[in-house]
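Residue strings, one per chain:
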Amino acid sequence: EVDIDDMILDESIPKFARKFILHQKAQQVEVVAEGKAAAAIAIAEGKIAVAEAKATGELAFVKLNMTLSHQLITEKNYYLKQLSYLTQRHALESFFTQIILTYKSNENSTISLAIDAEDIKDKKAGFAINLKNTFPRMSKANDLFRKPLVEDAIWQEFGLDVRYKFPMFGADLLYGGISDIIHNPNMKTIIVSDAAHEDYIGFFNLLAKTYSRPFTLYDYQIAESSATVL
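Now for a quick tour of the structure. All of these numbers come straight from a predicted model, not from anything done at the bench. (Residues numbered from 1 in each chain as written. Predicted model: local features only at pLDDT ≥ 70, side-chain atom pairs only at ≥ 80, totals over all residues. Heavy atoms only, no water.)

Topic: the overall build of the protein chain
Thinking step 1. A count of helical and extended segments in the protein chain gives nine helices and two strands.
Thinking step 2. Listing the helices and strands of the protein chain from first to last along the sequence gives α-α-α-α-α-α-α-β-α-β-α.
Thinking step 3. When burial is assessed residue by residue, the protein chain has 31% of its 230 residues classed as buried.
Thinking step 4. Contacts in the protein chain between residues far apart in sequence, at least 24 positions, make up 74% of those at least 6 positions apart.
Thinking step 5. Carbon together with sulfur atoms contributes 59% to the accessible area of the protein chain, which is approximately 14700 Å² in total. (Helix = DSSP H or I, 4+ residues; strand = E, 2+ residues; numbered from the N terminus. Buried < 20%, exposed > 50% of the residue type's maximum accessible area, 1.4 Å probe, protein only. Contact = heavy atoms within 4.5 Å. Areas by Shrake-Rupley, 256 points an atom, 1.4 Å probe, with all protein chains shown as cover.)

Rendered as structure tokens:
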């Protein structure tokens with residue numbers, strides 16, 4: 001077998017022939033080099049394609065998760081909003097009922113003395129008579145309990161945080177008589193909008209602590225926007 005390198009160095013071979021052999025070898029080396037480079041490029045491109053495909057897949061997965069997460073958050077706040085009224089009404093009725101039962105069961109309680117004092121001041125209202133004979137309508141109870149003398153007595157009687165007194169309630173919370181605590185006895189949480197007034201949030205958070213109920217704020221903006229999505 002002829003060794004090309006030996007032929008190049010063999011001076012017995014004419015110089016022009018050795019140059020031709022050297023040129024041929026150089027071409028072979030160049031072809032091999034180009035082949036290796038092409039192979040390296042192909043491998044690199046293949047790796048890049050795999051990486052890009054993986055990245056695309058991961059990005060799609062992340063986008064899907066974000067979409068699902070956003071959808072779940074939207075649905076969560078939408079339904080929390082739907083439940084919020086029921087939980088607030090139930091908590092408020094529980095509180096009003098506790099006040100009334102305290103009045104009925106202990107005539108010497110701080111609450112009883114304050115209500116009787118209001119009754120003496122305003123005979124026409126007949127607060128004491130109404131409470132002793134029946135459960136008043138929510139709006140009537142609210143009118144009585146938020147009177148400064150009675151309100152202070154309630155907070156003192158139950159040892160409540162004086163920073164949060166009765167806030168202003170909407171008509172929907174004061175409609176009719178006490179009924180939700182009878183019809184929905186398992187309402188064990190309180191849900192309020194994060195856009196509600198600080199006093200409103202503080203009051204219902206106070207009731208949540210009083211009755212050992214979970215307290216949740218829902219995102220008002222998401223809940224409102226979800227009405228056009230769900």
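Structural notes on the packing of aromatic side chains
Thinking step 1. Per the counting criterion, the structure on display carries 16 aromatic pairs.
Thinking step 2. Pairing Tyr78 with Tyr79 gives two aromatic rings, centres 5.0 Å apart and planes at 80°, and the pair type is edge-to-face.
Thinking step 3. A relative accessible area of 22% means that Tyr78 is categorised as partly exposed.
Thinking step 4. Among the residues examined, Tyr79 registers a relative accessible area of 49% and is labelled partly exposed.
Thinking step 5. For the pair Phe169 and Tyr200, a centre-to-centre distance of 6.4 Å together with 70° between the ring planes defines the contact as edge-to-face. Of this pair, Phe169 sits in the loop between α6 (148-158) and α7 (180-183) while Tyr200 sits in helix α8 (residues 198-210), and the two are 31 residues apart along the sequence.
Thinking step 6. Aromatic rings pair up to connect Phe95, Phe96, Phe145, Trp155, Phe158, Phe166, Phe169, Tyr200, Phe203 and Phe204 into one cluster. (Phe/Tyr/Trp six-rings, centres within 6.5 Å; stacked < 30°, edge-to-face > 60°.)

Focus on the nonpolar core
Thinking step 1. Counting residues in hydrophobic clusters, the biggest one holds 33 residues, and the most contacted among them are Phe95, Phe145, Ile154, Phe166, Phe169, Phe203 and Phe204.
Thinking step 2. Setting aside residues no more than four positions away along its own chain, Phe166 makes contact with Phe95, Phe96, Ile99, Phe145, Arg146, Glu151, Ile154, Trp155 and Phe203. (Core = buried A, V, L, I, M, F, W, Y, C linked by side-chain atoms within 4.5 Å.)

Some remarks on the pairing of strand β2 (residues 215-218)
Thinking step 1. Sheet topology places strand β1 (residues 190-193) next to β2; four bridges connect them, and they run parallel. Directly across from Ile191, in β2, lies its bridge partner Thr216.
Thinking step 2. With respect to chirality, the unit in which β1 leads through α8 into the neighbouring parallel β2 is right-handed. (Pairing = 2+ DSSP bridges. Right-handed = clockwise from strand over helix to strand, strands pointing away.)

Here's the deal with the side chain of Ser109
Thinking step 1. Within the secondary structure, Ser109 sits in the loop between α2 (15-105) and α3 (110-121).
Thinking step 2. Within the local environment of Ser109, its side chain forms a polar contact with the side chain of Ser112, the two groups lying 2.8 Å apart.
Thinking step 3. Beyond its immediate sequence surroundings of up to four residues, Ser109 is in contact with Thr102 and Glu157. (Polar contact = N/O pair within 3.5 Å; in protein donor to acceptor, adjacent residues only side chain to side chain.)

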